[in-house]
Amino acid sequence: MTRPRDLAGYGANPPDIRWPGGAGLAVNFVLNIEEGSEYSVGDGDGRSESALSEVRASRVPAGDRDLAAESMYEYGSRVGFWRLHRLFRSRGLPLTVFASALALERCPDIAAAISATDWDICAHGWRWIEHYHLDAQTEADHIAKAHESLTRTVGRPPKGWYCRYSASPATRDLLVAHGGYTYDSDAYNDDLPYWTEVSGKPHLVVPYSMVTNDAKFLSGDVFAASDYANFLIDSFDILLAEAREMPRMMSVGLHSRIIGHPGRLAGLIRFMDHIAGRADVWVCGRDEIAEFWRDRVPQGQGR
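Calculation rules
Residues numbered from 1 in each chain as written. Predicted model: local features only at pLDDT ≥ 70, side-chain atom pairs only at ≥ 80, totals over all residues. Heavy atoms only, no water. Buried < 20%, exposed > 50% of the residue type's maximum accessible area, 1.4 Å probe, protein only. Helix = DSSP H or I, 4+ residues; strand = E, 2+ residues; numbered from the N terminus. Pairing = 2+ DSSP bridges. Salt bridge = Lys/Arg side-chain N within 4 Å of Asp/Glu carboxyl O. Phe/Tyr/Trp six-rings, centres within 6.5 Å; stacked < 30°, edge-to-face > 60°. Patch = residues over 30% accessible without salt bridge, like charges linked within 9 Å, V, L, I, M, F, W, Y side chains within 5 Å. Areas by Shrake-Rupley, 256 points an atom, 1.4 Å probe, with all protein chains shown as cover.

Visitor: Please provide a residue-by-residue account of the pairing of strand 1 (residues 25–33), values included.
Guide: Burial within strand 1 is extensive, with nine of its nine residues counted as buried. Side chains of strand 1 alternate between two faces, with Leu-25, Val-27, Phe-29, Leu-31 and Ile-33 and Ala-26, Asn-28, Val-30 and Asn-32 buried alike. By the bridge criterion, eight bridges tie strand 1 to strand 8 (residues 248–255) in an arrangement that is parallel. Across the sheet, Ala-26 pairs through a bridge with Met-249, a residue of strand 8. Sheet topology note: the strand 1/strand 9 (residues 281–283) ladder contains three bridges and is parallel. The partner of Leu-25 across the bridge, within strand 9, is Val-281. Summarising the sheet, strand 1 and strand 2 (residues 96–99) pair through four bridges and their orientation is parallel.

Next up, the structure:
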């Protein structure tokens with residue numbers, strides 16, 4: 001199970017297509033739901049989660065339960081999700097949910113709220129843990145459990161897959177072997193989807209982004225909502241200018257426990273206002289991007 005690198009991609013010759021309605025730029029909002037599936041002492045992990053938290057380092061001794069960290073995560077499921085749910089529903093905007101399956105099992109009200117929308121589901125693991133630490137059999141089990149669990153809690157199966165941060169060398173082969181996933185987003189290397197070959201079969205990749213992601217608030221790259229809004233707007237404006245000549249895609253990654261705080265949400269709202277009503281922009285779900293690409297760009301066309 002290997003994953004060869006492709007440093008060339010489309011190069012100077014991306015596919016000559018338009019998105020639906022003649023749009024040059026596709027914008028996809030992604031909400032990562034991880035709260036309740038992260039590392040915890042209670043789940044036998046021997047430690048509490050320390051990543052994507054409001055503090056740079058835990059002050060609790062290693063191995064002890066960090067109740068502060070747990071509480072910061074709980075804000076996402078108790079408050080942040082519902083704030084984002086109201087925002088996207090009030091604006092009628094599509095949203096892709098990167099769902100860690102156990103998180104929705106433990107938050108049935110959130111699962112039901114998602115089920116009542118037409119938001120598309122992309123599996124974000126059985127739990128929010130790193131797949132590159134798993135052996136192949138355990139990873140295959142997690143991939144299968146995530147698909148079964150999300151189908152049960154949301155009422156419709158996930159079509160896509162996205163690991164926590166990085167896939168393992170085996171992930172794509174295991175996804176293809178499972179057969180229930182039509183694309184993955186375990187790549188950050190392009191502004192367009194592309195085909196690759198996995199286990200002798202064509203496999204679609206819809207790249208994600210750590211750049212236009214609200215995790216920047218916790219890394220210290222941005223602090224104020226205006227900084228985040230300006231960065232998203234600048235990214236959008238450049239992509240839109242390029243999209244006059246070639247198709248482009250922009251992924252905006254969000255987390256309930258991060259952007260769900262009011263002082264940060266203001267930045268997302270400013271960005272939404274900036275792109276509202278644009279005829280040359282397709283705001284869409286990730287499944288829609290994958291389906292469109294599958295229909296318009298021949299399978300097996302890698303660049």
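That was the structure; now back to the text.
Visitor: I'd like a description of the pattern of salt bridges, backed by residues and values.
Guide: Applying the stated rule across the entire model yields 16 salt bridges. Two residues, Arg-127 and Asp-45, come together in a salt bridge whose shortest N-O distance is 2.7 Å. One end of the pair, Arg-127, is in the loop between strand 3 (120–123) and helix 4 (136–154); the other, Asp-45, is in the loop between strand 1 and helix 1 (67–91), with 82 residues separating them in the sequence. Here Arg-264 makes a salt bridge to Glu-54, at a shortest N to O gap of 2.8 Å. Taken together, the residues span a long stretch of sequence, with Arg-264 in helix 8 (residues 262–275) and Glu-54 in the loop between strand 1 and helix 1 at a distance of 210 residues. For Arg-264, a relative accessible area of 13% translates into the label buried. Taking relative accessible area as the criterion, Glu-54 reaches 38% and is therefore assigned partly exposed. What you see here is one network of salt bridges that share partners, running through Asp-43, Asp-45, Arg-106 and Arg-127.

Visitor: With reference to specific residues and values, describe the packing of aromatic side chains.
Guide: Applying the stated criterion across every chain, the model contains 15 aromatic pairs. Ring geometry for Trp-19 versus Trp-293: centroids 5.7 Å apart, planes at 40°, classification tilted. Residue Trp-19 is located in the segment before strand 1, and its partner Trp-293 is located in helix 9 (residues 286–296); the two are separated by 274 residues in the primary sequence. Under the relative-accessibility criterion, Trp-19 is labelled buried at 1%. What makes Trp-293 buried here is its relative accessible area of 0%. Taking the centre distance of 4.8 Å and the plane angle of 65° together, the rings of Tyr-162 and Tyr-208 count as edge-to-face. Highlighted residues: Tyr-162 in the loop between strand 4 (160–161) and helix 5 (171–178) and Tyr-208 in the loop between strand 7 (201–205) and helix 6 (216–219), separated in sequence by 46 residues. Taken individually, Tyr-162 and Tyr-208 each receive the classification buried, so the pair is uniform in this respect.

Visitor: Give a description of a nonpolar patch on the surface that names residues and reports values.
Guide: Taken together, the side chains of Tyr-132, Tyr-165, Tyr-188 and Met-210 define a hydrophobic patch exposed on the protein surface, amounting to about 410 Å² of accessible area. Within the secondary structure, Tyr-165 sits in the loop between strand 4 and helix 5. On the accessibility criterion, Tyr-165 (54% relative accessible area) is exposed.

Distances and angles like these do not, on their own, reveal function.
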